[in-house]
Amino acid sequence: MRPSGRELNQMRAVSIETGFTKHAEGSCLIKMGDTHVLCTATIEERVPPFIKGSGLGWVTAEYGMLPRATNTRMRREAAMGKQGGRTVEIQRLIGRALRAGVDRVALGERQISIDCDVLQADGGTRCASITGGWVALRLAVNKLMKTGEVKIDPLVDPVAAVSCGIYAGQPVLDLDYPEDSEAGVDGNFIMTGSGQLIEVQMSAEGSMFSRDQMNTLMDLATEGTAELVEIQKAACV
């Protein structure tokens, strides 16, 4: 039995509220159970120096957690003078995951920055950030297409992410914090709407896992990301 009472292949309740902030070109609040992340997209008519003049667009991301997103207060990283290694790793993951679903030629030489701010954390914050980040990106690109600044849709496939793991000896979908903190195996799966893999992060946290177990987790992730993509599409209508 899972702590939440969910079935092994059951996601937490997921909702996406678009237009959550006034000024960003695209924004949403994604809730995956008790994990809540605000995602905003900002369009900038510039690109990083290493691709300037190439005609290619760029999508990048920044990630952060509010001090009381967790049970105890964390110091703001700005107050400490630098980002932590976990933050840097997660925001790089979000950026490269979202870029995988983008035709950078069609986007044109501009940058879209995705900001993911965790308001409340209960496991799976990076997966929620990627899933919500794609929605914010979609909304920003819709504005570019509406104004005619972009002629061909540069978003070739939705991108979503979900966690899976081995908890109490059982493969489970969409781990919350009580499961994540005690899982023997933990993995994050990033996939496209067409079922293609972008990135898989799996590690043994207390017990090793077999190829068959990995395949089972892959099957769960495929189900989960397909469900998330349908929620993304409904939110962007």
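Preceding block: the structure.
Residues numbered from 1 in each chain as written. Predicted model: local features only at pLDDT ≥ 70, side-chain atom pairs only at ≥ 80, totals over all residues. Heavy atoms only, no water.

## Quick look at unusual backbone geometry
Even without glycine at this site, Ala168 takes up a positive phi of about 50 degrees. Along the chain, the position of Ala168 falls in the loop between strand S6 (159-167) and strand S7 (170-173). Using a relative accessible area of 69% as the deciding quantity, one classes Ala168 as exposed. Look at Asp174: it is not a glycine, yet its phi comes out positive at around 60 degrees. With respect to the helices and strands, Asp174 occurs in the loop between S7 and helix H5 (177-180). (Helix = DSSP H or I, 4+ residues; strand = E, 2+ residues; numbered from the N terminus. Buried < 20%, exposed > 50% of the residue type's maximum accessible area, 1.4 Å probe, protein only.)

## Remarks on the sheet that holds strand S9 (residues 197-204)
Read across the sheet, four strands follow the order S7-S6-S8-S9 without closing on themselves; strand pairing throughout is antiparallel. In the strand order of this sheet, the two ends are held by S7 and S9, each with one partner. Between one strand axis and the next, the sheet turns by 15 degrees as a mean value, whatever way the strands run. Pairing of S6 with S7 involves four bridges; the strand directions are antiparallel. Its bridge partner being in S7, Tyr167 is matched across the sheet by Gln170. Along the sheet face, helix H2 (residues 85-99) touches S6, strand S8 (185-192) and S9 and points at about 150 degrees away from the line of S9. Against the sheet, helix H4 (residues 125-146) engages S6, S8 and S9, with an angle of about 160 degrees to S6. (Pairing = 2+ DSSP bridges. Axes fitted to C-alpha atoms, helices over the stretch in contact; angles between N-to-C directions. Contact = heavy atoms within 4.5 Å.)

## What about the nonpolar core?
Among the nonpolar cores identified, the biggest contains 56 residues, and Ile94, Leu98, Ile112, Ile114, Ile130, Leu137 and Cys164 are the most heavily contacted of them. Broken down by element, the residue count for this core peaks at 11 residues, all from H4. Aside from chain neighbours lying at most four places away, what touches Leu98 is Val59, Ile114, Ile130, Gly133, Trp134, Leu137 and Val159. (Core = buried A, V, L, I, M, F, W, Y, C linked by side-chain atoms within 4.5 Å.)

## Some points on the pattern of salt bridges
It is possible for side chains of opposite charge to pair when their charged atoms get near one another. Under the criterion given, the structure shown has 10 salt bridges. Put simply, Arg2 and Glu179 hold a salt bridge, and the shortest N to O gap is 2.6 Å. Taken together, the positions of Arg2 in the segment before strand S1 (14-18) and Glu179 in helix H5 put the pair 177 residues apart, joining distant regions of the chain. Glu179 matches Arg2 in its accessibility class, with the two residues each being buried. A salt bridge links Asp176 to Arg6; its shortest N-O distance comes to 3.5 Å. Note that Asp176 is positioned in the loop between S7 and H5 and Arg6 in the segment before S1, a separation of 170 residues in sequence. Accessibility expressed as a relative area gives 7% for Asp176, which makes it buried. Arg6 gets classed as buried once you look at its relative accessible area, which sits at 9%. Beyond isolated ion pairs, a larger network of salt bridges with shared partners links Arg2, Arg6, Arg12, Asp174, Asp176 and Glu179. (Salt bridge = Lys/Arg side-chain N within 4 Å of Asp/Glu carboxyl O.)

## A word on the packing of H2 against H4
Where H2 contacts H4, the axes come no closer than 10 Å and their chain directions differ by 40 degrees. Classed by the angle they form, the pair H2 and H4 counts as oblique. H2 and H4 meet at a crossing whose hand is right-handed. Contacts between H2 and H4 pair Arg86, Glu89, Ile90, Leu93, Ile94, Ala97 and Leu98 from the former with Thr125, Arg126, Ser129, Ile130, Gly133, Trp134 and Leu137 from the latter. In terms of residue class, the contact of H2 with H4 is made up of eight nonpolar, three polar and three charged. (Parallel < 35°, antiparallel > 145°, perpendicular 65-115°, else oblique. Left-handed = near helix turned anticlockwise from the far one by under 90°. Nonpolar A, V, L, I, M, F, W, Y, C, P; charged D, E, K, R; others polar.)

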